[in-house]
Amino acid sequence: MNHTTLPPYFRFLLDTENGKLAVEKCSYKSSGAHQLPEDTSHDGYELKSMDMVRFIYQTCGWDMKSTYRIRGIAVPDRDMVVFDLTTAYRVTKSQSNENQ
């Protein structure tokens, strides 16, 4: 997704029953809305919510000392990206260092 298509506001949606996490475009009035930084010239962003990360790790039974990756699937007609938490894979230190 290039920076011209990034929404100014987004929210996280979590479906623990089906193991899905989504990042959805929304309005500033939407419940749970977060605003992207004004500088949107970067190719990517890290969206963080430590409370949500802890909750996902606990819900999925993941090792808190490990890092996991999940491929996001764009759903353009819903203005969202969906992540299937059940397909997460643990990243080793060497893999993590390659991505930096």
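All figures in this text were calculated on a predicted structure; none of them were measured in a lab.

**Details of the packing of aromatic side chains**
Going through the model one piece at a time under the given rule, you end up with five aromatic pairs. A ring pair is formed by Tyr57 and Tyr68, whose centres lie 5.5 Å apart and whose planes are at 80°; its orientation type is edge-to-face. With Tyr57 in helix 1 (residues 50-60) and Tyr68 in strand 4 (residues 67-69), the pair connects residues that are eleven residues apart, well separated along the chain. With a relative accessible area of 12%, Tyr57 lands in the buried category. Take Tyr68: its relative accessible area is 14%, and that puts it in the buried class.

**Some words on the confidence of the model for the chain**
In this model, the chain carries a mean pLDDT of 83, and residues with pLDDT of at least 70 account for 75%. Least confident of the elements in the chain is helix 2 (residues 93-98), whose mean pLDDT is 59; most confident is strand 6 (residues 80-84), at 95.

**Overview of the side chain of Glu24**
With respect to the helices, strands and loops of the structure, Glu24 is situated in strand 2 (residues 20-25). There is a polar contact of 2.7 Å between the side chain of Glu24 and the side chain of Arg11. Once you skip the residues sitting within four places of it in the chain, Glu24 turns out to touch Tyr9, Phe10, Arg11, Leu13, Arg78, Asp79 and Met80.

**What to know about the pattern of salt bridges**
In this structure the tally under the stated criterion is four salt bridges. As a salt-bridge pair, Asp63 and Arg90 come within 3.8 Å of each other at their nearest N and O atoms. Here Asp63 is found in the loop between helix 1 and strand 4, whereas its partner Arg90 is found in strand 7 (residues 89-91), with 27 residues between them in sequence.

**Section: the nonpolar core**
Core analysis: the largest hydrophobic core is formed by twelve residues, namely Phe10, Leu21, Val23, Leu36, Met52, Ile56, Tyr57, Trp62, Tyr68, Val81, Phe83 and Leu85. Of all elements in the fold, only strand 2, helix 1 and strand 6 reach the threshold of two or more residues within this core. When residues of this core are assigned to their parent elements, the largest contribution, three residues, is made by helix 1. Those residues in contact with Met52, other than ones at most four positions away along the chain, are Phe12 and Leu21.

Each value, and the rule that gives it
Numbering of residues starts from 1 in every chain and runs along the sequence as written. Only residues with pLDDT of at least 70 are given local features in this predicted model, and only at 80 or more are side-chain atom pairs given and counted; all residues enter the totals for whole chains, interfaces and linings. Computation of side-chain values: all heavy atoms of the structure, hydrogens and water removed. For this analysis, a ring pair means two rings from Phe, Tyr or Trp (six-membered ring only for Trp) whose centres lie within 6.5 Å, classed as stacked if their planes differ by under 30 degrees, edge-to-face if by over 60, and tilted for the remaining angles. In DSSP terms, a helix is any run of H or I states spanning at least four residues, a strand is any run of E spanning at least two, and both are numbered starting from the N terminus. Exposure classes here rest on a 1.4 Å probe applied to the protein chains alone. A residue is buried below 20% of its type maximum, exposed above 50%, and partly exposed in between. pLDDT gives the predictor's per-residue confidence on a scale running from 0 to 100. The term polar contact refers here to a pair of N or O atoms within 3.5 Å; inside protein, the definition further demands a hydrogen-donor-capable atom paired with an acceptor-capable atom, and it admits residues adjacent in sequence only when both atoms are side-chain atoms. Throughout, a contact is declared for two residues whenever any of their heavy atoms are within 4.5 Å. Within this document, salt bridges are pairs made up of a side-chain nitrogen of Lys or Arg and a carboxyl oxygen of Asp or Glu, the two lying within 4 Å of each other. Buried Ala, Val, Leu, Ile, Met, Phe, Trp, Tyr and Cys residues form a nonpolar core when they are joined through side-chain atoms within 4.5 Å.

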